[in-house]
Each structure stands twice: as C-alpha cells, then as structure tokens.
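A look at the structure
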Amino acid sequence: MDAAVCNPFLGTSSSRCYVSSRPCVCPDLRGSSMRLSSEFFKVEIGRSERSLFQSSGKKPSPIIALASQTSVSDPFSTSSKNNYSDSSKKSNEAALILIRHGESLWNEKNLFTGSVDVPLTKKGVEEAIEAGKRISNIPVDMIYTSSLIRAQMTAMLAMTQHRQRKVPIILHDENERARTWSRIYSEETKKQSIPVITDWQLNERMYGELQGLNKQETAERYGKEQVHEWRRSYDIPPPNGESLEMCAQRAVMYFRNEIEPQLFAGKNVMIAAHGNSLRSIIMCLDKLTSQEVISLELSTGIPLLYIFKEGRYVRRGSPVGPTEAGVYAYTRTLAQYRQNLDEMSY
Ligand SMILES: O=C(O)[C@H](O)COP(=O)(O)O
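None of the values given here were measured: they were computed from a predicted structure.

Conventions and cut-offs
Residues numbered from 1 in each chain as written. Predicted model: local features only at pLDDT ≥ 70, side-chain atom pairs only at ≥ 80, totals over all residues. Heavy atoms only, no water. Helix = DSSP H or I, 4+ residues; strand = E, 2+ residues; numbered from the N terminus. Expected span 1.5 Å × (residues − 1). Buried < 20%, exposed > 50% of the residue type's maximum accessible area, 1.4 Å probe, protein only. Pairing = 2+ DSSP bridges. Axes fitted to C-alpha atoms, helices over the stretch in contact; angles between N-to-C directions. Salt bridge = Lys/Arg side-chain N within 4 Å of Asp/Glu carboxyl O. Near = heavy atom within 4 Å. Polar contact = N/O pair within 3.5 Å; in protein donor to acceptor, adjacent residues only side chain to side chain. Areas by Shrake-Rupley, 256 points an atom, 1.4 Å probe, with all protein chains shown as cover. Nonpolar A, V, L, I, M, F, W, Y, C, P; charged D, E, K, R; others polar. Parallel < 35°, antiparallel > 145°, perpendicular 65-115°, else oblique. Left-handed = near helix turned anticlockwise from the far one by under 90°. Contact = heavy atoms within 4.5 Å.

1. Overview of helix α13 (residues 332–344)
Taking 1.5 Å of rise per residue, 13 residues should cover 18 Å, and α13 covers 18 Å from first to last C-alpha, within 8% of that figure. Buried within α13 are the following residues: Thr333, Leu334, Ala335, Gln336, Tyr337, Arg338 and Leu341.

2. Side note on the sheet that holds strand β10 (residues 303–309)
If you walk across this open sheet you meet the 7 strands as β6-β7-β5-β8-β4-β10-β11, and the pairing is mixed. For this open sheet the edge positions go to β6 (167–170) and β11 (312–317), each flanked by a neighbour on one side alone. With direction set aside, neighbouring strand axes in the sheet form an average angle of 25°. Bridge count for β10 against β11 is 5 bridges, and the pairing is antiparallel. Across the sheet, Leu305 pairs through a bridge with Gly317, a residue of β11.

3. A closer look at the pattern of salt bridges
Applying the stated criterion across every chain yields a total of 11 salt bridges. The shortest N-O distance in the salt bridge between Lys123 and Glu103 comes to 3.7 Å. Remark: Glu103 occurs in the loop between β4 (93–100) and α3 (105–108) and Lys123 occurs in helix α4 (residues 122–134); sequence separation between them is 20 residues. A salt bridge links Glu126 to Lys122, with the shortest nitrogen-to-oxygen separation between them at 3.0 Å. Residue Glu126 and its partner Lys122 are both found in helix α4; the two are separated by 4 residues, about one turn of the helix.

4. Observations concerning the site of the ligand
In the vicinity of the ligand, the contacting residues are Arg100, Leu111, Phe112, Thr113, Gly114, Glu204, Tyr207, Lys215, Arg231, Arg232 and Asn276. Between an oxygen atom of the ligand and a main-chain N or O atom of Gly114, the distance comes to 2.8 Å. Here the ligand loses 95% of its free accessible area of 320 Å² to cover by the protein chains. Classifying every residue of the shell around the ligand by side-chain character gives 3 nonpolar, 3 polar and 5 charged.

5. A few points about the packing of helix α10 (residues 244–264) against helix α11 (residues 275–285)
One can describe the packing of α10 onto α11 by two numbers: an axis separation of 8 Å at closest approach and a directional angle of 70°. When the axis of α10 is compared with that of α11, the two are roughly perpendicular. In this structure, the crossing between α10 and α11 has a hand that is right-handed. Each of Leu244, Cys247, Ala248, Ala251, Val252, Phe255 and Arg256 in α10 lies in contact with α11, whose residues at this interface are Asn276, Ser277, Arg279, Ser280, Ile281, Cys284 and Leu285.

Shown next, in the form of structure tokens:
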C-alpha cells in the first residue's frame, strides 16, 4: 500500500499524490487472509437495514439524555485539505455517515457509468432529500464527496434537510487563486458552515470500456456470469477499467489518510460517494472478505451510520426516519445532540 496514486483527471504529473503514511489495517488490502465476519455477509444496505439490528440482537432503545457532548470543532480554522486534523481534540466518539448518491440519469437508463459525470434524476433528487431527513438529527462537521456531480448533488440536497442549519461550502484549493478567492472573512460565518471536501479518490470505480454500455445488453452479449464477474468480483477488472481491489487501493487509502484522522479528532463526518468506492470502504470497516464483499449491494440514496469509538467502527445501520427513537439512542452523545436541537427549536 505504499504506491503513489495520482489523479487521472490531472494527468500523470498530478501535484497531489497520496502516499499512504499509515499502515492499512484492511486485511484484504494487505494481501493476507481475512477474518471471517458472517454477521454482515450478504447485506443489502437500504433494503435490509432492519435485519442488521436483528442479526446483532440489538433493539433500538428509548432516548437516553445524559451529560455527554458531541464534538465541538471549528472545521474552517485551517484552509488546507490536509491540515484539518487536530489530535489534541481527541473525543470518545464520532459519527460517520456513508451515503451512495441518489439515482443518476444513467442509473435510470441502466448504463455503466463509472467515471462519467452524470447528474441525478428527479427521483435521485428526492432520494437525496429523503436521505437528508433520515440524518437530520445526526451531527455533521465535515463532508467528503467524490469529484462527481451526482455525489455532490446528493450531499448538498441532503444537507438542506439538516436541523443544524449550517451551510455546506465546497472548499476550493485547486490552486492559489481558488484558495484566495474563496476565502471567508467572518469567523462567525465560518462557524455556521460545514466544509465540503471533494476528491476524485472517492469516485466510482472506472468502468473502462463498459462505460456508456447498457448493463442488460452487455450481459446478453458477454454472458451473465462474465458481466457479474466484472461487476462484483474483487480482483477481476472490467476491460481496461478498475477492479474493486484497484478502486479500494485509492478509496481506502484516502479514507485512512484524510478522513480517519478527522474521526480520531472527534469530527462527525459524512461521505457521499458511489456504489463501489463505498463498498471498498465498507469492506474495510466491516472486515469483509473478498468473498463476502461480492454480496454487498448499496441502494441509491440510503444513508448508513457508523459510530467511531476508540479506534473501532460500529455499524449502526440506516436511520429509518427522523422520528425513529432508536436512531437517537445509538449513543449518549447522539441522544444529547438531538436533545440540544429540540431545545433550540422551542
Ligand atoms: O457505475 C455504475 O454503473 C454504477 O454506479 C455502479 O454500477 P455497478 O452496480 O455495476 O457496480
């Protein structure tokens, strides 16, 4: 995992190469054998999130409001992408929300999309808004999205529903001028904002020569099994495209190097990305094997909540709705956060 990954959209001489500075703990990416975790095997997020509670034997409990605080941070206190981490602000826990973008115009047409930059459909817009309602009581301090419009639309639309009423603002640091011209001069305004960091490394896997082809027609032409192998196997790439393993190498490395330090610093993070970049991250968080990940399917526009605590990720399923008591009782901190929002709105 120490190969540099360069942004293909900037050519081979990208000014930003990510070289893993931390060892990746994801077993499959280390190339060693994986721990079996049958609990999350064959999970279709969004359709069977309830069964996650059942399989873990945990039932949502009523709201517990105790004196514990969500992290308080000023995410705009530094402007560089890489300098957000403030390890002195270590907190006990942070929320991590993962969300696959809403339906895109090519999802609707059943076309392989990959790196092609396609917007949401009307249904996708509605899914993103619905997702926002589901997470409207969960704290969000920072947002990471891919560089593709469908993920960015999803993040922004979801945040229109958030009760915190902070303004998500895309950080532009592609060059000095972009940094200077997008500066905010009011500390108070910064506090009312949520930084949105966009990065190609969270993009959908590059689908190579399948991009733009109809999935059904491709299966008829090359055979269902071949197409399933291209779409779901871990290490077999589609023609001239990325395998899930290749996608994981950049997406998981980005997660480890850029996002995880924020969680360690107590920041609550939302990631709006794609079916396969998120599958690779979930594979790592849930320690799925390369066999188990084959059955992992993500529905469009369904948020999934993890609690990051003492260096561990605890999957809490998908918040079903803003009124579901169980969502707020996941942890004391979330319950307290929700209670504060309620008190503020009286
Ligand atoms: O890129 C695509 O076509 C989809 O977003 C994901 O497709 P998949 O379900 O075939 O991986």
